[in-house]
Amino acid sequence: MSFSICVAQCTDSLAATMDDQARIMQSIGGVSLAGHSVQGGMALPPPHGHDGSDGDGRKQDIGDILHQIMTITDQSLDEAQAKKHGLNCHRMKPALFSVLCEIKEKTGLSIRGSQEEDPPDPQLMRLDNMLLAEGVAGPEKGGGSAAAAAAAAAASGAAGDNSIEHSDYRAKLTQIRQIYHTELEKYEQACNEFTTHVMNLLREQSRTRPISPKEIERMVGIIHRKFSSIQMQLKQSTCEAVMILRSRFLDARRKRRNFSKQATEILNEYFYSHLSNPYPSEEAKEELAKKCSITVSQVSNWFGNKRIRYKKNIGKFQEEANLYAAKTAVNAAHAAAAAVQNSQANSPTTPNSGGYSAPCYQSDGRIQ
DNA sequence: AGGTATGATTATCT
DNA sequence: AGATAATCATACCT
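The shown structure was predicted, so the numbers you read here are calculated from the model rather than taken from an experiment.

## Observations regarding the packing of aromatic side chains
- A complete count under the given rule lists 10 aromatic pairs for this structure.
- Aromatic pair Y310 and F317: ring centres 5.8 Å apart, planes at 50°, arrangement tilted.
- Residue classification places F317 among the buried positions, given a relative accessible area of 12%.
- A cation over a ring is seen here: K306 above F271, with NZ or CZ 5.9 Å from the ring centre.

Here you go:
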């Protein structure tokens, strides 16, 4: 996840590819020593025709140059730069370069690796989709976090309820989002920097050894792949973080507490006194919610559950129904009595006083 | 511990 | 958009 790891990995990969090249160089060097230089020696005999001594000197010279080439990577940058310049101006350089080109052509190193194109990784797509859905990826500024919050609120069923937990959740999510984006940016920047660096390096090297544009392209591809695999790690861990956050906050709300006795009382009262049409209006729901100190969506849930469960097994709820019918009847009676008293009309019999007539249920469970 | 009650979620329908 | 029905997951009771 950390940037340093990423860079380390990339540096590793670069080191590996450099190793590769060193090996190539070595093999080329071997061949040219075994073949061409001897041939060259025959084609260009020593100028003054002296016996082998001058030829030996040249071989010595070439061996020396090759040695310099091979060890150039071990030296400090300035040192190497100076050496490189010296070698570049060496009179044998064009010859060596063409030899290298020829050998490379023969060994077919320049052709390999042209077939690999990026197949869209299904797992990467999965991660991308999830991050997008969670509002972590996607458009950054302005509506970004707000949209994520709105999505979370919408998912929870009722916007605005549990606002404390919600804002907490939202804060954590934006935190994750921010980390994700800064890391992503860092990776991108590092990738670009690294790519241009390597490209410059290769371009520069192409003056001393044959490197085709194809190869540079390939190298860029390798770097990009490496970096995107690191990005995938970032995405993976971001996904994990979001999942943990979700399970801790959103799913925590799934952990239910039973409503208070009072609340269920009020809800049941409403339900059984509106048995013929137990569908509270929005306003009624709001009022019930306020009275029970629960949310409107909880009221909706309660009525949804109640309706279906009542309908499913009316018999089981008979007792409860009677109980609440009695209660509302008593309430009504009290209210009526109060009203009567208030209106100072003296009627001898209070309706339903002292008892209640059990409600008559139809087969569909509705009060007649 | 196991069964039931219950609040929440989900898919589907209208 | 709201209702329903099935289902999940936990609370609560025995």
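Alright, that's what it looks like, and here's the rest.
## Quick notes on the protein's contact with DNA strand C
- Around DNA strand C, the structure places 12 residues, and the nearest of them are R256, Y279, R307, I308 and K311.
- For DNA strand C, the fraction of protein-proximal atoms (within 4 Å) that sit in sugar or phosphate groups is 81%.
- One nitrogen or oxygen atom from the side chain of R257 is found 3.3 Å from a phosphate oxygen belonging to DNA strand C.
- Between a base oxygen of DNA strand C and a side-chain N or O atom of R309, the distance comes to 3.3 Å.
- It is helix α12 (residues 296-312) that provides the largest number of residues to the surface near DNA strand C, a total of five residues.
- Looking at the surface near DNA strand C residue by residue, the classes come out as two nonpolar, one polar and nine charged.

## So, the packing of helix α11 (residues 282-292) against α12
- Packing of α11 against α12 leaves a shortest axis separation of 8 Å and a crossing angle of 105°. Judged on the interaxial angle alone, α12 and α11 are roughly perpendicular. Taken together, the residues of α12 that come into contact with α11 (itself represented by E282, K285, E286, L288 and A289) are V296, V299, S300 and F303.

Criteria and cut-off values
- Residues numbered from 1 in each chain as written.
- Chains lettered and ligands numbered in written order.
- Predicted model: local features only at pLDDT ≥ 70, side-chain atom pairs only at ≥ 80, totals over all residues.
- Heavy atoms only, no water.
- Phe/Tyr/Trp six-rings, centres within 6.5 Å; stacked < 30°, edge-to-face > 60°.
- Buried < 20%, exposed > 50% of the residue type's maximum accessible area, 1.4 Å probe, protein only.
- Lys NZ or Arg CZ within 6 Å of the ring centre and 35° of its normal.
- Near = heavy atom within 4 Å.
- Polar contact = N/O pair within 3.5 Å; in protein donor to acceptor, adjacent residues only side chain to side chain.
- Helix = DSSP H or I, 4+ residues; strand = E, 2+ residues; numbered from the N terminus.
- Nonpolar A, V, L, I, M, F, W, Y, C, P; charged D, E, K, R; others polar.
- Axes fitted to C-alpha atoms, helices over the stretch in contact; angles between N-to-C directions.
- Parallel < 35°, antiparallel > 145°, perpendicular 65-115°, else oblique.
- Contact = heavy atoms within 4.5 Å.

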